[in-house]
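Now for the letters of each chain:
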Amino acid sequence: MSITPPRDRTRLGTRTRLVHAGRDPSQQHGFVNTPIYRGSTVLYESYDALKHRRAEYTYGTAGTPTIRSLEAAWTELAGAAGTVLTPSGLAAITVGLLSCLKAGDHLLVTDSAYRPTRVFCDGFLARFGVETTYYAPTIGAGIADLMRGNTAAVLTEAPGSQSFEMQDIPAIAAVAHARGVCVLMDNTWATPLLFPPHARGVDIAIEAGTKYLSGGSDLLLGLTSANAQYWPALRRTFDLFAMCAGAEDVFLALRGLRTLPLRLREHGEQALALARWFQGRPEVARVLHPALPEDPGHAIWSRDFLGSSGLFSIILKPCPEAAVAAMLDGLELFGMGFSWGGFESLVIPFDCASYRTATAWTPEGPGLRIQVGLEDLDDLTQDLEAGFARLRAAS
């Protein structure tokens, strides 16, 4: 099944494009959605077709109509030359890095990166002769001072997934491209709807579809897209690993894609309202949310981003760990779990101090990361008010 978007689709609004991208009912007997294609073996019509691989689909690891639909839709949304799908967000990061690195290369990674990314760099990449240097997230064009003759890539993440520092992606990209260095970005917080990565200078963009693309906390998926320069290397690397996503997960992601703008907008509005509520709480020292005017990264966010999503952090005033535990253990509407982007609200405690290497993490008190779901905001604040009462009682 060939997915060819209409020539004039770029003139349409984002919501319209996402309703129609990556599907062609005329090639699926009129049914609206691309069905789930499961399979490994593809049959050829003749000896000659088999010998010369004359078929749109050749083997399960090379893609199916279901996979092709999501690849095409995400490529269109991200403004990329192509996209590959992986079975997790971390897999999307690793295939992106392996597409532009080789033994002897030097890699620059933001100190605020997703922690499993650091584990991959310090473990797997180090074993194969790639050296990683971590840099301050707010370095901007100053990253030029860290560039070496063998620097091959810079990995960015904006904002940081726990500490929420903003990065000046266009400035970093300008420095990197002047030296022929690849720029990668973990864009999971914003998605291409709120930060169009390739239009801002990113060569390889990474998304954990597990989060907002799913919307239901019920799938694992990664998406890695690339511009024209890096797309051949990305596709070649992906094919070497055959790191395929599951058919059911891809189908669920396609379904989530159609409502992504509406859900993301609601998550963002709810989170911003709750962030402002936290600013008025006496138990809270700081709120880490780049859409707040008081945030140190607000100017960059205002310049480069088209909105904000449902994830942010708060720093509590000094209090014992037992008080934080009392607060969290009694919450009724906020679950404790290591993900976000679903319909339900979540909270986790965090502390970056143990693994930061380029910057010091010295907050006033304990940190909490908040994922704001789709519940009624009044109910969420009442749940938190009761939690703060438990925190004060245990302090």
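Residues numbered from 1 in each chain as written. Predicted model: local features only at pLDDT ≥ 70, side-chain atom pairs only at ≥ 80, totals over all residues. Heavy atoms only, no water.

Draft legend 1. Focus on the overall build of the chain. Scanning the chain from N- to C-terminus turns up twelve helices and eleven strands. Taking 395 residues into account, the globule formula puts the C-alpha radius of gyration at 21 Å, and the chain, at 22 Å, falls close to it. With respect to the three principal axes, the spread of C-alpha positions in the chain is 75 × 50 × 40 Å. Taken across its 395 residues, the chain has 56% of its residues classed as buried. In the chain, the proportion of contacts linking residues at least 24 apart, taken out of those at least 6 apart, comes to 73%. With an accessible surface of roughly 16900 Å², the chain has 55% of that area assigned to carbon and sulfur atoms. In the chain, 34 positive and 40 negative side-chain charges are present, and the distance between their average locations comes to 7 Å. (Helix = DSSP H or I, 4+ residues; strand = E, 2+ residues; numbered from the N terminus. Rg over C-alpha atoms; globule rule 2.2 N^0.38 Å. Buried < 20%, exposed > 50% of the residue type's maximum accessible area, 1.4 Å probe, protein only. Contact = heavy atoms within 4.5 Å. Areas by Shrake-Rupley, 256 points an atom, 1.4 Å probe, with all protein chains shown as cover. Lys, Arg positive; Asp, Glu negative; His and termini not counted. Charge placed at Lys NZ, Arg CZ, Asp CG, Glu CD.)

Draft legend 2. Fine view of the sheet that holds strand β9 (residues 311–316). If you trace the four strands from one edge of the open sheet to the other, you get β8-β9-β11-β10, paired in antiparallel fashion. Each edge of the open sheet carries a strand with a single partner, namely β8 (284–288) and β10 (346–350). The sheet shows a mean angle of 25 degrees between the axes of neighbouring strands, direction not considered. The pairing of β8 with β9 spans four bridges and is classified as antiparallel. Looking at β9, one finds that V287 is bridged to I314. Running over the sheet, helix α9 (residues 247–279) touches β8, β9 and β11 (367–371) and is turned about 10 degrees from β9. Across the sheet, helix α11 (residues 321–329) lies against β9, β10 and β11, angled at about 15 degrees from β11, the strand it touches most. (Pairing = 2+ DSSP bridges. Axes fitted to C-alpha atoms, helices over the stretch in contact; angles between N-to-C directions.)

Draft legend 3. Quick peek at unusual backbone geometry. Across the junction of A158 and P159, the peptide omega takes the value -10 degrees, indicating a cis bond. Phi angles above zero are rare outside glycine, and R53 is one such case at about 55 degrees. Relative to the helices and strands, R53 resides in the loop between α2 (47–51) and α3 (65–78).

Draft legend 4. Representation of helix α5 (residues 115–127) in the model. Taking 1.5 Å per residue as the helical rise, α5 with its 13 residues ought to reach 18 Å, and the 18 Å between its terminal C-alpha atoms agrees with that figure. Within α5, burial applies to T117, R118, F120, C121 and L125. Positive backbone phi, at 85 degrees, marks G129, one or two positions downstream of α5. (Expected span 1.5 Å × (residues − 1).)

Draft legend 5. Just the UniProt feature "modified residue: N6-(pyridoxal phosphate)lysine" (unreviewed entry) in the chain, in detail. Here the UniProt feature "modified residue: N6-(pyridoxal phosphate)lysine" (unreviewed entry) sits at K211. On the basis of relative accessibility, which here comes to 11%, the residue K211 falls in the buried class. Those residues within four positions of K211 in sequence are excluded, and the remaining contacts are T188, S339, W340 and G341. (UniProt positions renumbered as here; feature names shortened; annotations may be inferred.)

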